[in-house]
Amino acid sequence: EMLRSLVGSEMCIRDRCIAVNYNNGAVVIKTPPGAAQYLGSAIDTSGVHTVLGTIAGDDTVLVVCKVGVEGEDLARLFREMAETGLPAKGLVAVN
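Conventions and cut-offs
- Residues numbered from 1 in each chain as written.
- Predicted model: local features only at pLDDT ≥ 70, side-chain atom pairs only at ≥ 80, totals over all residues.
- Heavy atoms only, no water.
- Helix = DSSP H or I, 4+ residues; strand = E, 2+ residues; numbered from the N terminus.
- Buried < 20%, exposed > 50% of the residue type's maximum accessible area, 1.4 Å probe, protein only.
- Contact = heavy atoms within 4.5 Å.
- Areas by Shrake-Rupley, 256 points an atom, 1.4 Å probe, with all protein chains shown as cover.
- Pairing = 2+ DSSP bridges.
- Polar contact = N/O pair within 3.5 Å; in protein donor to acceptor, adjacent residues only side chain to side chain.
- Axes fitted to C-alpha atoms, helices over the stretch in contact; angles between N-to-C directions.

A. Structural detail: the overall build of the protein. Secondary structure assignment for the protein yields three helices and six strands. When the 95 residues of the protein are sorted by exposure, 40% land in the buried category. Restricting to contacts in the protein with at least 6 residues of sequence separation, those with at least 24 account for 59%. Carbon and sulfur atoms make up 54% of the accessible area of the protein, which amounts to about 5100 Å² in all.

B. Representation of the pairing of strand β5 (residues 60-65) within the structure. Of the two faces of β5, only the one carrying Val61, Val63 and Cys65 is buried; Thr60, Leu62 and Val64 on the other face are not. Bridge count for strand β3 (residues 26-30) against β5 is five bridges, and the pairing is antiparallel. Paired with Val27 across the bridge in β5 is Val63. Bridge count for strand β4 (residues 51-56) against β5 is five bridges, and the pairing is antiparallel. Within β5, the residue paired with Gly53 across the bridge is Val64. Where β4 hands over to β5, the hairpin turn is made up of three residues, counted between the paired strands.

C. Summary view of the pairing of β3. As judged from the four bridges shared by strand β2 (residues 19-22) and β3, these two strands associate in the antiparallel manner. Across the sheet, residue Val20 finds its bridge partner in β3, namely Ile29. Two successive antiparallel strands, β2 and β3, enclose a turn made up of three residues.

D. A look at the side chain of Thr54. The residue Thr54 is located in strand β4 in this model. Among the polar contacts made by the side chain of Thr54, one reaches the main-chain carbonyl oxygen of Gly40 at a distance of 3.3 Å. Separated by 2.7 Å, the side chains of Thr54 and Asp44 make a polar contact. Once residues within four sequence positions are removed from consideration, Thr54 is found in contact with Gly40, Ile43, Asp44, Val61, Leu62 and Val63.

E. Structural view of the sheet that holds β3. Strands sit in the order β2-β3-β5-β4 across an open sheet of four strands; the sheet is antiparallel. Edge positions in the open sheet fall to β2 and β4, since each of these has one partner strand only. Each strand axis lies, on average, 20° off the axis of its neighbour in the sheet, ignoring direction. Here helix α2 (residues 36-46) sits on the sheet in contact with β3, β4 and β5, set at roughly 165° to β4.

F. View of the environment of Ala19. Within the secondary structure layout, Ala19 lies in strand β2. Ala19 sits in the partly exposed class, given a relative accessible area of 28%. Here the alpha-carbon distance between Ala19 and Pro32, two residues 13 residues apart in the chain, equals 10.0 Å. Ignoring anything within four residues of it in the chain, the contact list for Ala19 reads Val28, Ile29 and Lys30.

See below:
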């Protein structure tokens, strides 16, 4: 298995993330109108091992956490990428 960071996705998140909220097993990312499907696809295709999948509407992405992953922890990582535009430590993809 090869580990890689979310190269490319962190800039997508920074440019398209308005707000990040969470509950126990999910994260909700608010985007500008029309940007959610693009962001959801970027997260889905990144191969991040902590994400089960996403559902995207027009301006909202629901990120479902895998079992054992807390929404609060995943939300913190998405917020970090949204603020810095850099890969978040702990958010890696498995190829």
